[in-house]
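If you want the building blocks of each chain, they are given just below.
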Amino acid sequence: MADIRVQSADFDVAAEVAAVQAGGDAGARETGPHDIGAIVTFTGVCRNDGGRLVALELEHYPGMAEEEIARVAAEAERRWPLKGLCVIHRYGLIRPGENIVLVVTASAHRQAAFEAASFLMDYLKTRAPFWKKEHLADGTSGGWVAPRQEDDEATTRWD
(Lines give C-alpha, C1' and ligand atoms only; values in the text may rest on other atoms or scores of the structure.)
Protein backbone atom coordinates (compact mmCIF):
# COMPACT_ATOMS: atom_id res chain seq x y z
CA MET A 1 0.00 0.00 0.00
CA ALA A 2 1.33 3.40 -0.99
CA ASP A 3 2.07 6.20 1.44
CA ILE A 4 -0.12 9.10 0.22
CA ARG A 5 -0.13 12.48 1.95
CA VAL A 6 -1.59 15.88 1.15
CA GLN A 7 -0.27 18.45 3.59
CA SER A 8 0.64 22.11 4.04
CA ALA A 9 3.95 21.35 5.79
CA ASP A 10 7.18 20.86 3.90
CA PHE A 11 8.73 17.39 3.67
CA ASP A 12 12.25 16.03 4.07
CA VAL A 13 13.17 14.27 0.83
CA ALA A 14 16.01 12.26 2.39
CA ALA A 15 13.83 11.08 5.28
CA GLU A 16 11.06 9.99 2.91
CA VAL A 17 13.51 8.08 0.70
CA ALA A 18 14.98 6.40 3.78
CA ALA A 19 11.51 5.37 4.94
CA VAL A 20 10.74 3.76 1.57
CA GLN A 21 14.15 2.08 1.48
CA ALA A 22 13.71 0.74 5.01
CA GLY A 23 10.48 -0.93 3.97
CA GLY A 24 8.02 1.72 5.04
CA ASP A 25 5.62 0.51 2.35
CA ALA A 26 3.68 -2.75 2.54
CA GLY A 27 5.16 -4.01 -0.72
CA ALA A 28 8.68 -3.73 0.65
CA ARG A 29 7.76 -5.36 3.97
CA GLU A 30 6.82 -8.56 2.16
CA THR A 31 10.33 -9.15 0.81
CA GLY A 32 12.43 -6.83 2.95
CA PRO A 33 14.31 -3.64 2.14
CA HIS A 34 17.27 -5.52 0.68
CA ASP A 35 15.10 -6.59 -2.26
CA ILE A 36 14.98 -2.96 -3.44
CA GLY A 37 17.50 -2.40 -6.22
CA ALA A 38 16.35 1.02 -7.45
CA ILE A 39 14.76 4.09 -5.93
CA VAL A 40 13.62 6.95 -8.12
CA THR A 41 12.58 10.30 -6.73
CA PHE A 42 10.94 13.29 -8.30
CA THR A 43 10.71 16.52 -6.36
CA GLY A 44 8.65 19.35 -7.84
CA VAL A 45 9.85 22.74 -6.62
CA CYS A 46 8.22 26.16 -6.93
CA ARG A 47 10.15 28.34 -9.38
CA ASN A 48 10.16 32.14 -9.59
CA ASP A 49 9.51 32.11 -13.36
CA GLY A 50 12.34 34.52 -14.14
CA GLY A 51 11.61 36.71 -11.11
CA ARG A 52 7.93 37.10 -12.03
CA LEU A 53 6.51 34.96 -9.19
CA VAL A 54 6.83 35.42 -5.45
CA ALA A 55 4.58 32.47 -4.60
CA LEU A 56 2.13 29.89 -5.81
CA GLU A 57 -1.01 29.27 -3.81
CA LEU A 58 -2.15 25.68 -4.15
CA GLU A 59 -5.68 24.71 -3.25
CA HIS A 60 -7.15 21.24 -3.22
CA TYR A 61 -10.40 19.46 -2.63
CA PRO A 62 -9.83 17.66 0.72
CA GLY A 63 -10.62 13.97 0.58
CA MET A 64 -10.99 14.00 -3.19
CA ALA A 65 -7.30 14.85 -3.73
CA GLU A 66 -6.15 11.96 -1.54
CA GLU A 67 -8.61 9.59 -3.24
CA GLU A 68 -7.46 10.49 -6.73
CA ILE A 69 -3.76 10.23 -5.82
CA ALA A 70 -4.45 6.83 -4.20
CA ARG A 71 -6.29 5.69 -7.34
CA VAL A 72 -3.33 6.65 -9.57
CA ALA A 73 -0.86 5.08 -7.11
CA ALA A 74 -2.84 1.83 -7.12
CA GLU A 75 -2.72 1.83 -10.93
CA ALA A 76 1.08 2.27 -10.78
CA GLU A 77 1.32 -0.64 -8.34
CA ARG A 78 -0.73 -2.81 -10.75
CA ARG A 79 1.45 -1.91 -13.73
CA TRP A 80 4.92 -2.18 -12.17
CA PRO A 81 6.46 -4.48 -9.53
CA LEU A 82 6.99 -1.78 -6.93
CA LYS A 83 8.52 -2.49 -3.53
CA GLY A 84 7.65 0.95 -2.17
CA LEU A 85 5.76 4.06 -3.14
CA CYS A 86 5.35 7.47 -1.52
CA VAL A 87 3.51 10.52 -2.88
CA ILE A 88 3.38 13.78 -0.96
CA HIS A 89 1.67 16.88 -2.37
CA ARG A 90 1.61 20.19 -0.57
CA TYR A 91 -1.05 22.89 -0.55
CA GLY A 92 -1.10 26.47 0.70
CA LEU A 93 1.25 29.34 -0.08
CA ILE A 94 4.51 28.01 -1.50
CA ARG A 95 7.43 30.29 -2.29
CA PRO A 96 10.14 29.82 -4.94
CA GLY A 97 12.65 27.20 -3.90
CA GLU A 98 10.14 25.37 -1.69
CA ASN A 99 8.99 21.81 -2.35
CA ILE A 100 5.58 21.19 -3.91
CA VAL A 101 5.42 17.47 -4.65
CA LEU A 102 7.45 14.34 -3.98
CA VAL A 103 7.17 10.98 -5.70
CA VAL A 104 9.34 8.10 -4.51
CA THR A 105 9.17 4.74 -6.27
CA ALA A 106 11.18 1.66 -5.34
CA SER A 107 11.57 -1.57 -7.26
CA ALA A 108 14.02 -4.41 -7.72
CA HIS A 109 15.07 -2.87 -11.05
CA ARG A 110 15.47 0.68 -12.31
CA GLN A 111 13.16 0.61 -15.33
CA ALA A 112 10.05 -0.12 -13.25
CA ALA A 113 10.96 2.58 -10.73
CA PHE A 114 11.59 5.19 -13.46
CA GLU A 115 8.46 4.35 -15.43
CA ALA A 116 6.22 4.32 -12.36
CA ALA A 117 7.54 7.71 -11.20
CA SER A 118 7.02 9.20 -14.65
CA PHE A 119 3.50 7.72 -14.87
CA LEU A 120 2.61 9.12 -11.45
CA MET A 121 3.81 12.62 -12.27
CA ASP A 122 2.03 12.66 -15.63
CA TYR A 123 -1.24 11.76 -13.94
CA LEU A 124 -0.72 14.00 -10.89
CA LYS A 125 -0.37 16.96 -13.26
CA THR A 126 -3.62 16.14 -15.05
CA ARG A 127 -5.94 14.25 -12.66
CA ALA A 128 -5.22 15.29 -9.09
CA PRO A 129 -7.64 18.06 -8.02
CA PHE A 130 -5.19 20.87 -7.22
CA TRP A 131 -5.46 24.45 -8.41
CA LYS A 132 -2.56 26.92 -8.58
CA LYS A 133 -2.88 30.67 -8.23
CA GLU A 134 0.09 32.88 -9.04
CA HIS A 135 1.24 35.69 -6.75
CA LEU A 136 3.35 38.10 -8.78
CA ALA A 137 6.41 40.12 -7.82
CA ASP A 138 4.60 43.38 -8.66
CA GLY A 139 2.08 42.63 -5.89
CA THR A 140 -0.76 41.56 -8.16
CA SER A 141 -2.37 38.19 -8.67
CA GLY A 142 -1.51 36.40 -11.87
CA GLY A 143 -4.71 34.41 -11.63
CA TRP A 144 -5.28 30.69 -11.73
CA VAL A 145 -2.86 28.60 -13.77
CA ALA A 146 -4.61 26.95 -16.72
CA PRO A 147 -4.01 23.27 -17.54
CA ARG A 148 -1.36 22.76 -20.20
CA GLN A 149 -2.12 20.77 -23.33
CA GLU A 150 1.32 19.14 -23.28
CA ASP A 151 0.58 17.72 -19.80
CA ASP A 152 -2.60 16.10 -21.14
CA GLU A 153 -0.72 14.78 -24.17
CA ALA A 154 1.98 13.25 -21.95
CA THR A 155 -0.59 10.89 -20.41
CA THR A 156 -1.41 9.31 -23.79
CA ARG A 157 1.82 7.30 -23.71
CA TRP A 158 0.36 5.28 -20.82
CA ASP A 159 -2.82 4.22 -22.69
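Summary of the structure given here. Everything numeric here is computed off the predicted structure, so don't read it as measured data.

**Points about the overall build of the protein**
Looking only at helices and strands, the protein has five helices and eight strands in total. Helices (α) and strands (β) of the protein occur, in sequence order from the N terminus, as β-α-α-β-β-α-β-β-β-α-β-β-α. The globule rule puts the C-alpha radius of gyration for 159 residues at 15 Å, and the 16 Å found for the protein is close to it. The principal-axis extent of the C-alpha atoms belonging to the protein is close to 55 × 35 × 30 Å. Every one of the 159 residues in the protein was classed for burial, and the buried ones make up 42%. Carbon and sulfur atoms make up 51% of the accessible area of the protein, which amounts to about 8500 Å² in all. Averaged over its 17 positive side-chain charges, the protein has a centre that lies 1 Å from the centre of its 25 negative ones.

**Considerations on the side chain of Thr-155**
Looking at where Thr-155 falls in the secondary structure, it is placed in the segment after helix H5 (149-154). Filtering out sequence-adjacent residues up to four positions away, Thr-155 remains in contact with Asp-122, Tyr-123 and Thr-126.

**Quick notes on the pattern of salt bridges**
Under the definition given, this model contains 14 salt bridges. Here Asp-3 makes a salt bridge to Arg-5, at a shortest N to O gap of 2.8 Å. Classification of Asp-3 as partly exposed rests on a relative accessible area of 30%. Note that Arg-78 is salt-bridged to Glu-75, the shortest N-O span being 3.0 Å. Placement of the pair is Arg-78 and Glu-75 together in helix H3 (residues 64-79), with a separation of three residues, close to one helical turn. Looking at Arg-78, the relative accessible area reads 62%, which means it is exposed.

Cut-off values and rules
- Residues numbered from 1 in each chain as written.
- Predicted model: local features only at pLDDT ≥ 70, side-chain atom pairs only at ≥ 80, totals over all residues.
- Heavy atoms only, no water.
- Helix = DSSP H or I, 4+ residues; strand = E, 2+ residues; numbered from the N terminus.
- Rg over C-alpha atoms; globule rule 2.2 N^0.38 Å.
- Buried < 20%, exposed > 50% of the residue type's maximum accessible area, 1.4 Å probe, protein only.
- Areas by Shrake-Rupley, 256 points an atom, 1.4 Å probe, with all protein chains shown as cover.
- Lys, Arg positive; Asp, Glu negative; His and termini not counted.
- Charge placed at Lys NZ, Arg CZ, Asp CG, Glu CD.
- Contact = heavy atoms within 4.5 Å.
- Salt bridge = Lys/Arg side-chain N within 4 Å of Asp/Glu carboxyl O.

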